There are 2 protein chains.
Amino acid sequence: MCPAKIADGQQRGFIIPIGGAEERVDDPIILQRFVELCGDENANIVIIPTASQLAETGPNYEIIFRNLNVKNAISLPINSREDAEREDYLAALENATGIFITGGNQLRLSTILGGTSVAQSIRKLNSEGVHVAGTSAGAAIMPEHMIAGGSTGALPNEQGVTFAPGLGLISKVLLDQHFSQRNRLGRLLSAVSYNPFASGLGICENTAAFIAPDGLLEVVGHGSITVVDPSDLQHSSMAEARTGDSITLIGLKLHMLSNGDTYCLNTRVASPKAV
Amino acid sequence: MCPAKIADGQQRGFIIPIGGAEERVDDPIILQRFVELCGDENANIVIIPTASQLAETGPNYEIIFRNLNVKNAISLPINSREDAEREDYLAALENATGIFITGGNQLRLSTILGGTSVAQSIRKLNSEGVHVAGTSAGAAIMPEHMIAGGSTGALPNEQGVTFAPGLGLISKVLLDQHFSQRNRLGRLLSAVSYNPFASGLGICENTAAFIAPDGLLEVVGHGSITVVDPSDLQHSSMAEARTGDSITLIGLKLHMLSNGDTYCLNTRVASPKAV
């Protein structure tokens, strides 16, 4: 699914995938930056805890956001497709200045939210300027094509990644989380090589990509974002590879980005932090 | 140390770094290919087992090479700097058509062989056409700049790699072994970013780079060689990084190569296996 169309005179909100394990108490720079974008003391944050099977996940984030002095933070305990049609939840979303999708299992997000009114609402609200952040599974669900699973390790392989349709808030990236912590370069390389149309983003824990409406991504946090740009890919053996074969990929571009660095998803130009 | 000069009318031998754990009995394609280069049934292989502290390492390779039907395979148990001056060992080297350096600890190779007559002989013989293969530590020791140690993981860091001077058989590469098996991308990225003059090669186990005298590298084996080419590196934060900082590296080229693919160390062009 492609991002929802933007109406005349409106601007899309930020898309903010976070690599998981973002700092929530001491120096929570990612959540603080998200709250600032959403209006600080006027921010109205709606939390979607659906990926998590722990009942306390949503309420915990309510407390975290209230401690950041937002106007309001409310979690919607959507645990079924019926929940994802509730009028009161949709009304709460309509008041949001920011939506936060928690971690857990991204297949819970896609199976419970996919095609529901809540999913439609998130897409529409983002196209109208509401910012959407998600951590771990909540980041995974954002793109058109969601990485649902795959191999651990540094090398791509023929069965290195499994996809599922995502929320479609953004279509120009494939992204993975807990990137260095879970040694996921191989599955990101597999993902970009299946169809080299998109940039691959490998987001470390406690690190976020703040993707502005104009497609400019800024790194915020303590870790790295690994960008794999296959736009000049000259050769891939992925189509002919059999199980266990080593994969040939010639002509990838690789950028290791850290806090303050930027990458434009449209021009594919990476730039260091301005000094 | 740069590679020894080539005399008029002579051609350097191949340099063959192997990523460790090469298959030695069933389908030993790397060792077989090395033996073919060295003259097959006329091959005279001299084994340098210095990296290993196991007395059986050298004799075991004698058996492995004899099973490949070479004319002669002899191991020189060089365990001290005095051993590395022995006339009988130097005489044995003079008869070699191929030299094989075993695995173990590359700092044993550099500390025991560095500056000795055996080291000089290996360099001279290679410049005269004798092929030199080395596995694991025996591969590490080959370049001018040897990776002696470093961090595990996918990300570069300010203290991500330690160097020591190597044998200097080749100066255009930095190389690492057991590459995907030991998750060493970060230390290879650290290495190439310290001084981006050389291509970085990450060689997997049971995989070799057959580097011809003209600088054309061919991949032989079951795994991958990851090539990191920093020749277009636009920005590196390595010089300013403090301990623990994430590192910014913008503009690396990345190739994943497999059996039969080539990479020219002079032109830095990667090519897929000819079909």
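Everything here concerns the structure above.
Each value, and the rule that gives it
Residues numbered from 1 in each chain as written. Chains lettered and ligands numbered in written order. Predicted model: local features only at pLDDT ≥ 70, side-chain atom pairs only at ≥ 80, totals over all residues. Heavy atoms only, no water. Phe/Tyr/Trp six-rings, centres within 6.5 Å; stacked < 30°, edge-to-face > 60°. Helix = DSSP H or I, 4+ residues; strand = E, 2+ residues; numbered from the N terminus. Buried < 20%, exposed > 50% of the residue type's maximum accessible area, 1.4 Å probe, protein only. Pairing = 2+ DSSP bridges. Contact = heavy atoms within 4.5 Å. Axes fitted to C-alpha atoms, helices over the stretch in contact; angles between N-to-C directions. Buried area = accessible area lost by both parts, 1.4 Å probe. Salt bridge = Lys/Arg side-chain N within 4 Å of Asp/Glu carboxyl O. Polar contact = N/O pair within 3.5 Å; in protein donor to acceptor, adjacent residues only side chain to side chain.

Residue and element names in this part refer to chain A. This structure, assessed with the given rule, holds 12 aromatic pairs over all chains. Ring geometry for Phe-65 and Phe-100: centres 5.3 Å apart, planes at 70°, overall edge-to-face. Here the residue Phe-65 occupies a position in helix H2 (residues 57–67), and Phe-100 occupies one in strand E4 (residues 98–101), the gap between them amounting to 35 residues. Per residue, the accessibility class of Phe-65 equals that of Phe-100, and both read buried. Here the aromatic cluster, defined as three or more aromatic residues joined through ring pairs, consists of Phe-34, Tyr-61, Phe-65 and Phe-100.

The subject of this paragraph is the sheet that holds strand E16 (residues 270–271) of chain B. All names here are of chain B. Taken together, the 9 strands give an open sheet; going across it, the order is E3-E2-E4-E5-E1-E10-E11-E15-E16, and neighbouring strands pair in mixed fashion. With partners counted over all chains shown, the strands left at the sheet margins are strand E3 (72–75) and E16, one partner each. Examined bridge by bridge, strand E1 (residues 15–18) and strand E5 (residues 131–135) share 4 bridges and lie parallel to one another. The residue of E5 that forms the bridge with Ile-15 is Val-132.

Right, let's get into the sheet that holds strand E3 (residues 72–75) of chain A. Residues and elements named next belong to chain A. Taken in spatial order, the 9 strands line up as E3-E2-E4-E5-E1-E10-E11-E15-E16 in an open sheet, and their pairing is mixed. Because the sheet does not close on itself, it has two edges, and the strands there are E3 and strand E16 (270–271). Alignment of strand E15 (residues 262–264) against E16, held across 2 bridges, turns out to be antiparallel. Directly across from Thr-262, in E16, lies its bridge partner Ser-271. Docked against the sheet, H2 engages strand E2 (44–48), E3, E4 and strand E5 (131–135), running at close to 170° with respect to E3. Strands strand E1 (15–18), E2, E4 and E5 of the sheet are contacted by helix H5 (residues 117–127), whose axis makes an angle of about 125° with E5.

Residues and elements named next belong to chain A. Phi angles above zero are rare outside glycine, and Ala-21 is one such case at about 50°. Residue position: Ala-21 is located in the loop between E1 and helix H1 (29–37). The exposure class assigned to Ala-21 is partly exposed, which follows from its relative accessible area of 42%. Look at Asn-69: it is not a glycine, yet its phi comes out positive at around 65°. You can see Asn-69 is positioned in the loop between H2 and E3.

Here we take up the interface of chain B and chain A. Reports of interface size often rely on the accessible area that becomes lost once the parts have come together. Counting residues at the interface gives 31 residues for chain B and 31 residues for chain A. Both faces considered, chain B and chain A share a buried interface measuring about 2,400 Å² in area, 62% of it formed by carbon and sulfur atoms. Of all residues in chain B, the largest losses of buried area upon contact with chain A belong to B:Leu155, B:Leu254 and B:Met256, amounting jointly to 26% of the total for that side. Here chain B and chain A share 0 salt bridges between them. Here chain B and chain A share 14 residue pairs in polar contact (both at pLDDT 80 or more) between them. When contributions to the side of chain B that touches chain A are tallied by element, the ones reaching two or more residues are helix H7 (185–194), strand E14 (249–257) and E16 of chain B. Broken down by element, the residue count for the side of chain B that touches chain A peaks at 9 residues, all from E14(B). Bridge count for strand E14 (residues 249–257) of chain A against E14(B) is 5 bridges, and the pairing is antiparallel. In the sheet register, A:Lys253 faces E14(B), and the bridge partner there is B:Lys253.

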